[in-house]
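# Residue-level structural notes
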Amino acid sequence: GLGGNNNVESLKGGGGDGHDSPGSTGFNGSANTGGGGGGGAGGAGGAGTGGSGIAIIKYTVDVNNRQARIFQFTKSGVWYNLAGATEVEYLVVAGGGGGGADAPFNVAGGGGGGAGGFRTGTLAVTPDAAYTIAVGGGGSKATSDTVFGGNGTNSSFSTITSIGGGGAGSRSTSYIGHSGGSGGGSGQRDSATFLAGKAITGDTGVLQGHNGGEGYIASPGASGGGGGGGAGSIGQDAFYDDPQYGN
């Protein structure tokens, strides 16, 4: 998700946009993408919720004719390996983190939520076995400047677990971004300390996303929150752009 007062269209993915108008609410992360929620803009701007995750399983049923079957889970369920497959390809994405909010009567921005952890690869499976699929929900949005955006929920398939995205920081006492599959962006901050959430490794020790972006320091004036990290890149740092609004 993008931070509040952050309108860089080229960086959009499944994450919700942060709003660039004061007092406006960040957009929700898209469902079944694991996108983070957008940050709220100045003047008690609300945040967006994180997008839910997804799990996709694919296996070949006819090697000569290159025929495959694909099962897409947009909510939790069970996959029954009735075709006797011995190996599958998988994509497992966790829920994205919720966006951060701004303080009342302020002109600043909350951070964007981090994307849900992203894992893809191949996995050996047992014919005629049943496999539980868990699809993670998106993190809750920050409801005030003293509340963090919530982390997304993990998604899993067999031994594969993707970690929920980190919730974003808000403007006031809760401007630290949380760590997760991808890190949540920090809200506009009051010090030079780096406060964005980090991408963390799962059981394999391999990162499933990228770090969140840093909110801009409040001085010399109003400015924006950092973008949430995504599967493809780190979150964008906010910067001071205008005597009234950050970007």
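Residues numbered from 1 in each chain as written. Predicted model: local features only at pLDDT ≥ 70, side-chain atom pairs only at ≥ 80, totals over all residues. Heavy atoms only, no water.

Further remarks concern the side chain of Ser 170. Note that Ser 170 resides in the segment after β8 (160–162). Among the polar contacts made by the side chain of Ser 170, one reaches the main-chain amide nitrogen of Ala 101 at a distance of 2.9 Å. Separated by 2.6 Å, the side chain of Ser 170 and the backbone oxygen of Val 147 make a polar contact. In this structure Ser 170 touches Gly 100, Ala 101, Gly 110, Ala 142, Ser 144, Asp 145, Val 147, Tyr 175, Gly 187 and Gln 188, once residues within four positions along its chain are discounted. (Helix = DSSP H or I, 4+ residues; strand = E, 2+ residues; numbered from the N terminus. Polar contact = N/O pair within 3.5 Å; in protein donor to acceptor, adjacent residues only side chain to side chain. Contact = heavy atoms within 4.5 Å.)

This next bit is on unusual backbone geometry. The backbone of Asp 128 shows a phi angle near 65°, a positive value even though the residue is not glycine. Phi at Ser 158 is positive, roughly 55°, even though this residue is not glycine. Inspection of the secondary structure assignment puts Ser 158 in the loop between β7 (155–157) and β8. Residue Ser 158 is classed as partly exposed on the basis of its relative accessible area of 36%. (Buried < 20%, exposed > 50% of the residue type's maximum accessible area, 1.4 Å probe, protein only.)

Now for the sheet that holds β8. Strand order in this open sheet of four strands is β3-β6-β7-β8, and the pairing throughout is antiparallel. With one partner strand each, in any of the chains shown, β3 (77–80) and β8 form the two edges of the open sheet. Within this sheet the neighbouring strands show an average axis-to-axis angle of 20°, counted without direction. With three bridges joining them, β7 and β8 adopt antiparallel strand pairing. Following the sheet pairing, Phe 157 is matched in β8 by Ile 160. (Pairing = 2+ DSSP bridges. Axes fitted to C-alpha atoms, helices over the stretch in contact; angles between N-to-C directions.)

Read these as geometric descriptors, not functional statements.
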